[in-house]
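# Close look at the chain arrangement
Listed below, chain by chain, are the residues.
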Amino acid sequence: MKGSPKVIEALNAGLTIELTAINQYFIQAKMCQNWALHILGAKHYQESIGEMKHAEWLIDRILFLEGVPEIARYDVIRVGDDVKTQFEYDLALETKGVNAYRDAIQLCHEENDPGTRDLLDRILVQSEEHVDWLESQLELIEKIGIQNYLMSQMGPHKEDDH
C-alpha cells in the first residue's frame with residue numbers, strides 16, 4: 001500500500017529518535033551497572049529495549065507504506081557522565097520525541113492515514129509516560145539529594161541483570 005511521502009518522512013523522523021534513544025539508554029545502562037547502580041541500570045536497559053520495539057513498529061509501518069526505513073540517521077547521542085545529567089539528556093530526547101509524534105499524528109489526520117495515526121498514538125503514550133518518569137526522578141533528586149537517590153538505585157547485583 002503506497003503511503004504518503006510526508007507520512008513516511010515523519011515515520012523516519014521518529015525512527016531517528018528511537019535509534020538514538022536505543023543507543024543512549026543502552027550505554028547509560030552499562031554505565032549505571034558499572035557504578036553499581038543496578039536498579040537504575042536495569043531501568044535504562046528496559047527503556048532501551050522499549051525503544052527497540054518502537055523502532056521495529058516504525059520500520060514495519062514504513063515498509064508497509066512502501067517506504068525505505070532510514071536506519072543510518074541518528075541524532076546526537078548524549079550520554080552524560082553522571083545520573084542527573086543522563087536524566088536531563090533523556091528528558092530532552094523524550095520531549096523531542098513527544099513533540100515529533102504529536103506533529104506526526106496531526107499530519108496523519110491531514111493525510112487521512114488512521115492506521116499510522118493509531119501506531120503513533122501508542123508510541124506517544126509510552127513516550128509521555130517516560131517523560132513523566134524522568135521528570136519524577138529529577139524532582140526526587142531535588143527533594144532527597146543526589147546521594148540518597150543514588151543509594152536507592154544500588155540494589156543487589158544479579159548475574160542476569162541487564
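What you are looking at is a predicted structure, and each value in this text was computed from that prediction instead of being measured.

With that out of the way, let us pick up the nonpolar core. A general tendency of soluble globular proteins is for nonpolar side chains to be buried together. Formed by 32 residues in total, the largest nonpolar core has its most connected members in Leu 11, Leu 40, Leu 58, Val 83, Phe 87, Leu 120 and Tyr 149. Elements that contribute at least two residues to this core include exactly helix H1 (5-34), helix H2 (38-64), helix H3 (83-110), helix H4 (114-144) and helix H5 (146-152). Ranked by residue count, the leading element in this core is H3, at nine residues. Leaving out residues up to four positions away in the same chain, Leu 11 has contacts with Leu 58, Arg 61, Ile 62, Leu 65, Thr 116 and Leu 120.

Glycine aside, a negative phi is what most residues show, and trans is what most peptide bonds show. The residue Ala 36 is not glycine, and still its phi comes out positive at about 70°. Here Ala 36 shows up in the loop between H1 and H2. Under the relative-accessibility criterion, Ala 36 is labelled partly exposed at 29%. Positive phi values are uncommon outside glycine, yet Glu 66 reaches one of about 65°. Mapping Glu 66 onto the fold places it in the loop between H2 and H3.

Time to look at H4. Between the first and last C-alpha of H4 there are 45 Å, a value that for 31 residues agrees with the 45 Å anticipated at 1.5 Å per step. Residues Thr 116, Leu 119, Leu 120, Ile 123, Leu 124, Ser 127, His 130, Val 131, Leu 134, Gln 137, Leu 138 and Ile 141 constitute the buried set of H4. At the C-terminal side of H4, Gly 145 shows a positive phi close to 90°.

Each value, and the rule that gives it
Residues numbered from 1 in each chain as written. Predicted model: local features only at pLDDT ≥ 70, side-chain atom pairs only at ≥ 80, totals over all residues. Heavy atoms only, no water. Core = buried A, V, L, I, M, F, W, Y, C linked by side-chain atoms within 4.5 Å. Buried < 20%, exposed > 50% of the residue type's maximum accessible area, 1.4 Å probe, protein only. Helix = DSSP H or I, 4+ residues; strand = E, 2+ residues; numbered from the N terminus. Contact = heavy atoms within 4.5 Å. Expected span 1.5 Å × (residues − 1).

It is worth stressing that arrangement in space is one thing and function is another; only the former is reported here.
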